[in-house]
Amino acid sequence: MASSEKSTSKGQAWFCTTGLPSDIEIEVDDMTFHLHKFPLMSKSRKLHRLITEQETRSFSSVNPQTSTALTVVVAESDKKGKGHEIEDEEKEEKENEEEIEENGFPHIKLEDFPGSSESFEMVAKFCYGVKIDLSASSAVPLRCAAEHLEMTEEYSPDNLISKTERFLSHSVYKSLRESIKALQACESVSPLAESLGVTEQCIESIVSRASSADPSLFGWPVNGGGGGPDLSLIPGAASKSAKKQNRDNTNTELWFEDLAQLSLPIFRTVILSMRSEDLSSDVIESCLISYAKKHIPGILRSNRKPSSSSSTAASENEQREILETITSNLPLDKSSISATTRFLFGLLRTAIILNASETCRDLLERKIGSQLERASLDDLLVPSYSYLNETLYDVDLVERILSHFLDSLEERSSTALVEADGRSPSLMLVGKLIDGFLAEIASDANLKSEKFYNLAISLPDQARLYDDGLYRAVDVYLKAHPWVTEEEKEKICGVMDCQKLTLEACTHAAQNERLPLRTVVQVLFFEQLQLRHAIAGTLLAAQSPSPSQSTEPRPSATRNLTIAEVVNGNETRGEEEVDAGKWKKTVRENQVLRLDMDTMRTRVHRLERECSNMKKVIAKIDKVGSPATTVTDRPRSWSITKKFGCKFKTQVCDSQEATVVDHRSRRV
């Protein structure tokens with residue numbers, strides 16, 4: 001049996017080389033098959049009926065001299081327009097009559113044949129008894145072709161319908177990837193495949209296989225918990241386990257890619273079936289991610305290079321439809337896949353560019369807000385695609401996402417992990433993330449101080465253990481916006497808590513000329529307070545009795561050493577050496593803190609002199625303004641304190657050296 005090209009204008013031709021001349025022609029699409037009646041009639045009830053009807057009509061023909069048979073045109077679908085139908089039939093009959101005159105045997109044209117000429121070629125081989133190789137992609141159209149040609153068991157034993165059904169049941173429906181390939185093949189024969197139940201069985205197989213394979217989809221161990229042997233102690237076991245995990249991950253990626261080849265309607269049906277069967281949300285999200293990466297270019301910033309298949313990329317409207325379909329099917333609960341957050345930000349950027357619906361964008365913002373602690377600074381830097389936004393990055397978008405995060409955090413506060421001091425790890429991660437975002441957008445000249453302030457205070461106090469990151473953002477903003485007024489500077493600096501600045505940040509802030517004087521005074525005060533507390537704690541620790549300085553002799557020190565103790569080392573002596581080392585380290589730290597205290601005392605003393613000069617200037621101004629009032633008779637420390645907002649007593653900043661020396665003499 002072979003196929004070759006026929007030197008006619010009819011296109012391709014397929015011949016059966018059995019040694020006998022063919023006695024019938026069957027045309028499917030652009031292929032003409034030169035076959036024999038008997039093998040076809042013995043397997044197909046429909047072909048037997050068509051051939052018999054044609055032979056009957058050929059004998060009862062009105063003009064038998066023109067041809068020995070009439071051409072039967074088999075049309076499976078109704079055509080619209082009676083006039084066009086008559087013209088087409090007359091044209092086809094004329095062509096068939098010419099062929100019959102030329103060849104001398106009947107010609108049957110099968111229109112709307114399920115599958116294609118390749119499927120009918122396999123049907124012909126089966127009728128001639130030739131072995132055919134079935135696959136998931138070819139079995140589905142072949143099953144539909146067998147149904148169309150009525151190749152049932154009642155007509156002929158071990159016929160094509162039963163053969164394809166057995167192959168689908170034993171080889172296709174039991175494999176996840178094979179079921180996906182079969183489902184993809186159903187698209188070309190969709191109406192008939194759905195009526196036969198093949199499409200439904202493929203979807204059921206995919207959902208059930210994906211559900212059963214859930215524990216190993218992402219390389220997770222099938223049996224969690226301990227109890228098994230330590231693979232690191234078995235030679236070669238760790239490498240074998242790693243290879244198996246990589247192989248499982250590769251297989252998972254492959255069937256995800258196969259699923260992404262489906263058309264959007266069938267893919268939507270599969271996702272809806274997964275959701276109805278309560279399949280793992282991680283599996284559903286992974287399917288959606290793979291499909292989006294396949295059909296929406298540029299979702300991830302690392303994958304924005306034009307691919308070789310860019311010519312077949314979906315149009316803008318198709319991408320918008322795919323995007324909205326994926327977004328509407330995303331599970332709302334928090335995902336356990338770390339890569340999902342970056343993918344969601346990519347979807348959100350694409351939704352803004354494609355001008356997707358407001359519902360679509362709101363769903364993405366809420367989904368991102370539920371797992372904002374997994375985001376990176378690069379994810380938050382979404383450019384402003386609208387002309388209405390003056391800033392480089394979309395600050396309003398980050399505010400909305402942060403609001404959704406705080407709402408979700410409040411909802412799961414009862415079950416969330418909270419530290420002893422009431423701080424949530426997720427909240428602290430987001431606090432660090434927002435501080436980095438503030439420092440990044442602070443250099444934007446179009447960023448209003450009100451917008452910067454609102455975003456900075458949107459987080460609660462528990463979100464920041466230290467305000468160093470917030471201070472850095474404030475410093476960058478003041479440096480990039482030197483034209484802001486003093487009132488705006490004080491308001492912006494008010495987002496910081498000077499008590500939560502580290503010593504390094506306090507040292508930098510005390511010398512920062514961009515900060516208002518009120519903030520500098522507060523920073524100096526709390527810096528001195530931190531140093532005093534640190535020195536006090538060090539001195540208290542130093543005054544506690546050290547084990548190495550204990551006057552009471554230890555039992556191990558009074559007894560004689562044995563030879564074994566000399567050889568193995570004296571454990572007690574080692575403990576004493578460790579205690580002595582700790583004591584030396586404490587003394588060194590105390591000396592460093594004393595030097596820092598002297599430096600701080602000098603700086604505070606210099607600030608007091610400046611304040612004293614300011615008092616004299618204010619006194620002169622008061623005398624000129626109201627000469628009848630004796631302003632200099634009353635103390636001014638309270639007025640200076642009120643003016644600069646420092647709510648502490650003046651003796652706290654006292655830098656008299658005698659007082660410090662007295663304290664040292666009493667504690668040492």
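These numbers come from a predicted model, not from an experiment.

### Notes on the packing of helix α20 (residues 468-480) against helix α21 (residues 486-493)
For step 1, the next point in the chain: Close contact between α20 and α21 brings their axes to 10 Å; oriented N to C, the two are set at 165 degrees. Judged by the inter-axis angle, α20 sits roughly antiparallel to α21. For the crossing formed where α20 meets α21, the hand is right-handed. Of the residues in α21, those touching α20 at V474, Y477 and L478 are K489, I492 and C493.

### A few points about helix α14 (residues 340-353)
For step 1, the next point in the chain: Here α14 spans 20 Å end to end across 14 residues, near enough to the 20 Å set by a 1.5 Å rise per residue.
For step 2, the next point in the chain: α14 sits mainly inside the fold: eleven of its 14 residues count as buried.
For step 3, the next point in the chain: Along α14, the residues that are buried comprise T340, T341, F343, L344, F345, G346, L347, L348, R349, T350 and A351.
For step 4, the next point in the chain: Of the surrounding secondary structure, the elements contacted by the buried residues of α14 are α12 (281-295), α13 (316-328), α15 (358-369), α16 (377-380) and α17 (395-411).
For step 5, the next point in the chain: Looking one or two residues beyond α14, the residue adopting positive phi is N355, at roughly 55 degrees.

### Here we look at the pairing of strand β4 (residues 31-35)
For step 1, the next point in the chain: Across the five residues of β4, five count as buried, placing the element largely inside the fold.
For step 2, the next point in the chain: With burial as the criterion, each face of β4 is covered, one bearing M31, F33 and L35 and the other bearing T32 and H34.
For step 3, the next point in the chain: Sheet analysis places strand β3 (residues 24-28) next to β4, joined by five bridges and oriented antiparallel. For I24, the partnering residue across the bridge sits in β4 and is L35.

### Observations regarding the packing of helix α19 (residues 449-456) against α20
For step 1, the next point in the chain: Interaxial distance between α19 and α20 falls to 12 Å at its minimum, and their mutual angle equals 180 degrees. Between α19 and α20, the crossing angle belongs to the class labelled roughly antiparallel. For the pair α19 and α20, contact is made by S449, F452 and A456 and by L470, A473, V474 and Y477, respectively.
For step 2, the next point in the chain: Of the residues contributing to the contact of α19 with α20, the split by class is six nonpolar, one polar and no charged.

### Some points on the packing of aromatic side chains
For step 1, the next point in the chain: Throughout the structure, instances matching the rule amount to six aromatic pairs.
For step 2, the next point in the chain: Residues F113 and F120 carry aromatic rings whose centres are separated by 5.6 Å and whose planes lie at 85 degrees to one another, so their mutual orientation is edge-to-face.
For step 3, the next point in the chain: Classification of F113 as buried rests on a relative accessible area of 7%.
For step 4, the next point in the chain: By relative accessible area, which is 0% here, F120 ends up buried.
For step 5, the next point in the chain: Judged by centre distance (3.9 Å) and plane angle (10 degrees), the ring pair of F267 and Y291 falls under stacked. With a gap of 24 residues between them, F267 in helix α11 (residues 264-276) and Y291 in helix α12 connect regions that are remote in the sequence. Each member of the pair, F267 as well as Y291, is classed as buried.
For step 6, the next point in the chain: Aromatic rings pair up to connect F33, F113 and F120 into one cluster.

### Notes on the confidence of the model for the chain
For step 1, the next point in the chain: Here the chain averages 75 in pLDDT, while 65% of its residues score no lower than 70.
For step 2, the next point in the chain: Here residues 1-10 is modelled with pLDDT under 50, and outside its nearest four sequence neighbours on either side it reaches 23 contacts, counting other chains as well.
For step 3, the next point in the chain: Segment residues 550-575 is flagged for pLDDT under 50; beyond a separation of four residues in sequence, or across chains, it makes 14 contacts in the model.

### Some points on the nonpolar core
For step 1, the next point in the chain: Counting 109 residues, the largest nonpolar core has M274, L347 and L372 as the members making the most contacts within it.
For step 2, the next point in the chain: Residues from two domains meet in this core; each of domain 1 (11-59 + 105-172) and domain 2 (372-500) gives at least three.
For step 3, the next point in the chain: Each residue touching L347, except ones within four places of it in the same chain, is listed here: A292, I299, L323, I326, L330 and L364.

### Brief notes about the side chain of H36
For step 1, the next point in the chain: Counting through the fold element by element, H36 comes out in the loop between β4 and α1 (37-43).
For step 2, the next point in the chain: Judged by relative accessible area, which is 9%, H36 ranks as buried.
For step 3, the next point in the chain: Here the side chain of H36 touches Y128 through a polar contact of 2.8 Å, side chain to side chain.

### Quick word on the pattern of salt bridges
For step 1, the next point in the chain: Within the structure shown, the criterion is met by 22 salt bridges.
For step 2, the next point in the chain: Two residues, R166 and D158, come together in a salt bridge whose shortest N-O distance is 3.1 Å.
For step 3, the next point in the chain: The salt bridge involving E486 is made with K489; its shortest N-O contact spans 4.0 Å. You can see E486 and its partner K489 sitting in helix α21, three residues apart, about one turn around the helix.

About the criteria used
Residues numbered from 1 in each chain as written. Predicted model: local features only at pLDDT ≥ 70, side-chain atom pairs only at ≥ 80, totals over all residues. Heavy atoms only, no water. Axes fitted to C-alpha atoms, helices over the stretch in contact; angles between N-to-C directions. Helix = DSSP H or I, 4+ residues; strand = E, 2+ residues; numbered from the N terminus. Parallel < 35°, antiparallel > 145°, perpendicular 65-115°, else oblique. Left-handed = near helix turned anticlockwise from the far one by under 90°. Contact = heavy atoms within 4.5 Å. Expected span 1.5 Å × (residues − 1). Buried < 20%, exposed > 50% of the residue type's maximum accessible area, 1.4 Å probe, protein only. Pairing = 2+ DSSP bridges. Nonpolar A, V, L, I, M, F, W, Y, C, P; charged D, E, K, R; others polar. Phe/Tyr/Trp six-rings, centres within 6.5 Å; stacked < 30°, edge-to-face > 60°. pLDDT = per-residue confidence, 0-100. Core = buried A, V, L, I, M, F, W, Y, C linked by side-chain atoms within 4.5 Å. Domains from an automatic or database assignment. Polar contact = N/O pair within 3.5 Å; in protein donor to acceptor, adjacent residues only side chain to side chain. Salt bridge = Lys/Arg side-chain N within 4 Å of Asp/Glu carboxyl O.

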